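Chain by chain, the residues run as shown.
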Amino acid sequence: RKEVEQDPGPFNVPEGATVAFNCTYSNSASQSFFWYRQDCRKEPKLLMSVYSSGNEDGRFTAQLNRASQYISLLIRDSKLSDSATYLCVVNLYSGNTPLVFGKGTRLSVIA
Amino acid sequence: DVKVTQSSRYLVKRTGEKVFLECVQDMDHENMFWYRQDPGLGLRLIYFSYDVKMKEKGDIPEGYSVSREKKERFSLILESASTNQTSMYLCASSLATGRRANEKLFFGSGTQLSVL
């Protein structure tokens, strides 16, 4: 099983649509989870952390399902400006180990 | 805001050249990282450092070395550049808490290196 796995997409959705991405991770003991956003030819930036109880930031909702070892990102009322690659990032292992990145899911929101 | 600065946005080098990629952060972060990003392969960790003069191999260290003589600066060195090292190189830093690497990462804007 790949350590952090995402559907690469692309997801092409119309403006106003709701779109959801899932990401699976290999280590059931993983503790920290994040979604990063990367615009074309730009660096990744933290979009939101994912908490056990789930969390919401405006149109974005992140959820964690420990039993099935996946996290999700839901985007409601998609905007053209949401077009980007969304990276799932997990602290897979405890101790002095770096975060592990998924390969990213590409989203294109179309007018 | 944290600023992570990479010395060059674009770089063209010849096969066999020694290449230095510089990264400086201005927020006193303990942790620094070097990644490369290639289409279809995502971000891959080359080397990282949790302290001055400390370095650890990431997932793909072959053909690279690093130097961290000062806390704010983390250099990536390609001893003898090869064409398969053509890539986007991203530096990142984060604040450590108990030496855990699960804090927010701040990235530089990247260096697109072409090795001819």
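Just above, that's the structure.
Here the structure is a predicted model, which is why all the values come from computation and not from measurement.

A. Examining the overall build of chain B more closely. Of the regular secondary structure elements, chain B holds 0 helices and 12 strands. Going residue by residue from the N terminus, the α and β elements of chain B occur as β-β-β-β-β-β-β-β-β-β-β-β. For chain B, the C-alpha radius of gyration of 13 Å lies close to 13 Å, the compact-globule estimate for 116 residues. Dimensions of chain B, computed from C-alpha atoms along their principal axes, come out at roughly 40 × 25 × 25 Å. Among the 116 residues that make up chain B, the fraction classed as buried is 49%. Taking the intrachain contacts of chain B between residues at least 6 apart in sequence as the baseline, contacts between residues at least 24 apart amount to 58%.

B. Just the layout of surface pockets, in detail. Estimates place the volume of the largest pocket at around 1300 Å³. Breaking the lining of the largest pocket down by element, the ones donating at least two residues are β1 (4–6), β9 (84–91) and β10 (100–101) of chain A together with β5 (31–38), β6 (42–49) and β10 (87–94) of chain B. Broken down by element, the residue count for the lining of the largest pocket peaks at 5 residues, all from β6(B). Of the residues belonging to the lining of the largest pocket, the class tally is 20 nonpolar, 16 polar and 14 charged.

C. Just the nonpolar core, in detail. The biggest cluster of nonpolar side chains holds 25 residues, and the ones touching the most others in it are Phe21(A), Trp35(A), Ile71(A), Leu73(A), Ile75(A), Tyr86(A) and Leu107(A). Looking at this core, the elements with two or more residues in it are β3 (19–25), β4 (32–38), β5 (45–50), β7 (60–65), β8 (70–75), β9 and β11 (105–110) of chain A. Of all hydrophobic cores here, the second largest spans 20 residues; its members include Cys23(B), Met32(B), Phe74(B) and Tyr89(B).

D. View of the sheet that holds β7(A). Residue and element names in this part refer to chain A. Spatially, the 5 strands line up as an open sheet ordered β1-β3-β8-β7-β6, and their pairing is antiparallel. Of all the strands in the sheet, the pair left with one neighbour each is β1 and β6 (55–57). Here the average twist between neighbouring strands, direction ignored, is 20°. Pairing of β3 with β8, which is carried by 6 bridges, proceeds in the antiparallel orientation. Bridged to threonine 24 within β8 is tyrosine 70.

E. Expanded view of unusual backbone geometry. The omega torsion across Gly9(A) and Pro10(A) is 5°, close enough to zero to call that bond cis. With phi around 65°, Arg41(A) is a residue other than glycine that occupies positive phi space. When you line up the elements, Arg41(A) lands in the loop between β4 and β5. One non-glycine residue, Asp28(B), lies in the positive phi region at around 60°. For Asp28(B), the position within the fold is in the loop between β4 (23–25) and β5.

Basis of the calculations
Residues numbered from 1 in each chain as written. Chains lettered and ligands numbered in written order. Predicted model: local features only at pLDDT ≥ 70, side-chain atom pairs only at ≥ 80, totals over all residues. Heavy atoms only, no water. Helix = DSSP H or I, 4+ residues; strand = E, 2+ residues; numbered from the N terminus. Rg over C-alpha atoms; globule rule 2.2 N^0.38 Å. Buried < 20%, exposed > 50% of the residue type's maximum accessible area, 1.4 Å probe, protein only. Contact = heavy atoms within 4.5 Å. 1 Å grid on protein atoms, 1.4 Å probe; cavity = no way out; pocket = protein on both sides within 12 Å on 5 of 7 lines; lining within 4 Å. Points joined across faces, edges and corners; volume = space filled by probe spheres on them. Nonpolar A, V, L, I, M, F, W, Y, C, P; charged D, E, K, R; others polar. Core = buried A, V, L, I, M, F, W, Y, C linked by side-chain atoms within 4.5 Å. Pairing = 2+ DSSP bridges. Axes fitted to C-alpha atoms, helices over the stretch in contact; angles between N-to-C directions.

The values are spatial; any link to function lies outside them.
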